[in-house]
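Spelled out, the chains give:
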Amino acid sequence: MVEPLQSPRGDGIRRSIDLVKAFRLEQDQPDVFYSKLAADTLRMISAHIELAGSTVVDVGAGRPQFSDAFLAAGSRYVGIDPDVTLLQQTRGGGALAVAGSGLDLPLADGVADIVVCSNVFEHVPDHRTLGSELARVVRPGGFLFVSYTNWLSPWGGHDLSPYHWFGAQRATRRYERKYGRACKHIVDENLFRVSVRDGLTWAKSLEGFTVQDARPRYYPNWVSWLVRVPGIREVASWNLWMAIQRDSADSM
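Here we summarise the structure given alongside this text.

Parameters at a glance
Residue positions within a chain follow its written sequence, with the count starting from 1. At least 70 in pLDDT is required for a residue's local features to be given in this predicted model, at least 80 for side-chain atom pairs to be given and counted, and no such filter applies to totals for whole chains, interfaces and linings, which use all residues. The side-chain values count all of the structure's non-hydrogen atoms but skip hydrogen atoms and water molecules. Think of it this way: any DSSP run of H or I at least four residues long counts as a helix, any run of E at least two long counts as a strand, and we number them from the N terminus. Contacts are residue-level and defined by heavy atoms, with any inter-residue pair within 4.5 Å sufficient. Strands are treated as partners if at least two bridges between them are detected by DSSP. Working convention: axes come from line fits to C-alpha atoms, limited for helices to the stretch in contact. Angles between N-to-C directions cover 0 to 180 degrees. Pairing of aromatic rings covers Phe, Tyr and Trp, the last counted by its six-membered ring, and requires centre-to-centre distances within 6.5 Å; plane angles under 30 degrees mean stacked, over 60 mean edge-to-face, and any other angle means tilted. Under the scheme applied here, a residue whose accessible area is under 20% of the maximum for its type counts as buried, over 50% as exposed, and between as partly exposed, the area being computed with a 1.4 Å probe on protein chains only. By convention a nonpolar core is built from buried Ala, Val, Leu, Ile, Met, Phe, Trp, Tyr and Cys residues, the set being connected through side-chain atoms within 4.5 Å.

Let us now look at the side chain of Glu234. Structurally, Glu234 can be placed in helix 8 (residues 232-236). Once residues lying within four places of it in the same chain are set aside, the contact partners of Glu234 are Asn150, Leu152, Ser153, Ser195, Val196 and Arg197.

What follows concerns the sheet that holds strand 4 (residues 112-118). In space, the seven strands of this open sheet follow the order 3-2-1-4-5-7-6, with mixed pairing throughout. At either margin of the open sheet sits one strand with a lone partner, and together these are strand 3 (96-99) and strand 6 (209-216). The average angle at which neighbouring strand axes cross in this sheet is 15 degrees, direction not considered. Two elements, strand 5 (residues 138-148) and strand 7 (residues 240-246), share six bridges in a ladder whose sense is antiparallel. Within the sheet, the bridge partner assigned to Val146 lies in strand 7 and is Met242.

Attention now goes to the packing of aromatic side chains. As enumerated under the stated definition, the model contains seven aromatic pairs in all. Aromatic pair Phe70 and Tyr77: ring centres 5.8 Å apart, planes at 25 degrees, arrangement stacked. For Phe70, a relative accessible area of 1% translates into the label buried. Measuring from centroid to centroid gives 4.6 Å for Tyr175 and Tyr179, while their planes differ by 40 degrees, and the two rings are tilted.

Before going further, it helps to examine the pairing of strand 6. Most of strand 6 is tucked away: six of the eight residues are buried. Here seven bridges tie strand 6 to strand 7, and the two strands are oriented antiparallel to one another. The residue bridging Val211 from the neighbouring strand is Ile244, located in strand 7.

Right, let's talk about the side chain of His127 for a bit. If you trace the backbone, His127 turns up in helix 5 (residues 127-136). According to the relative accessible area criterion, His127 is buried, its value standing at 7%. Sequence-distant contacts of His127, that is, excluding residues within four places in its chain, are made with Phe121, Val194, Asp198 and Trp202.

Okay, the nonpolar core next. Val115, Leu134, Val146, Trp202 and Met242 are the most contacted members of the largest nonpolar core, which totals 32 residues. Those elements giving two or more residues to this core turn out to be strand 1 (55-59), strand 2 (76-81), strand 4, helix 5, strand 5, helix 7 (196-205), strand 6 and strand 7. If we ignore the near neighbours within four places in the chain, the residues touching Leu134 are Val59, Leu105, Val115, Cys117, Phe121, Leu144 and Val146. One finds Tyr34, Ala61, Phe70 and Val116 within the second-largest nonpolar core, a separate group that totals 23 residues.

So this is what it looks like as structure tokens:
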């Protein structure tokens, strides 16, 4: 494992508390939440690779706070999302917004120094196909950063949480009774049951790549051991974060 470029300072329990507080503002003050999340994401990435001068491809883009943060850090930013309405928020300031699917990225091989994919794995029918496409566009020596909410975590059912623990259909019926409308997330249609084990197995199977970091996304760094404990990690992790580096050209 390579040493990070800088110490991931502020990676303790205070950071986790701040993120939880920000998350509570997602519905009423989304700009506050996503600004906090974008800043934290860049901090985690910069522990592994220099942002200034890097070409960043953000698959599943949409919130302008991320493009603004990367551009402010001196990166070249390309946001990709199938939702054109969301992409309109990403335009401006030098950001490039491209409509496209993560399952078939409209990009050439090895064009990005950094590929970011946050909370998309659980929304595609085959995370392995998405993962292969993400890996394809990373240049030698570059990094792929993936995070997603695993199914059995307390927030794994998204709008259905935590009742998804008692069955997807039962949770869906409860939601419809309570709110009088269909749930945004439909299990096995636009929300899929991806585990921590699924993500780690995929990442470790990537030929020519090395997993440099894997941890629960919102927890202090000293809880990273949790992802190595089968069973418990599926319920306790909330969200899996992975930093995966493509081997350099010299080692290929």
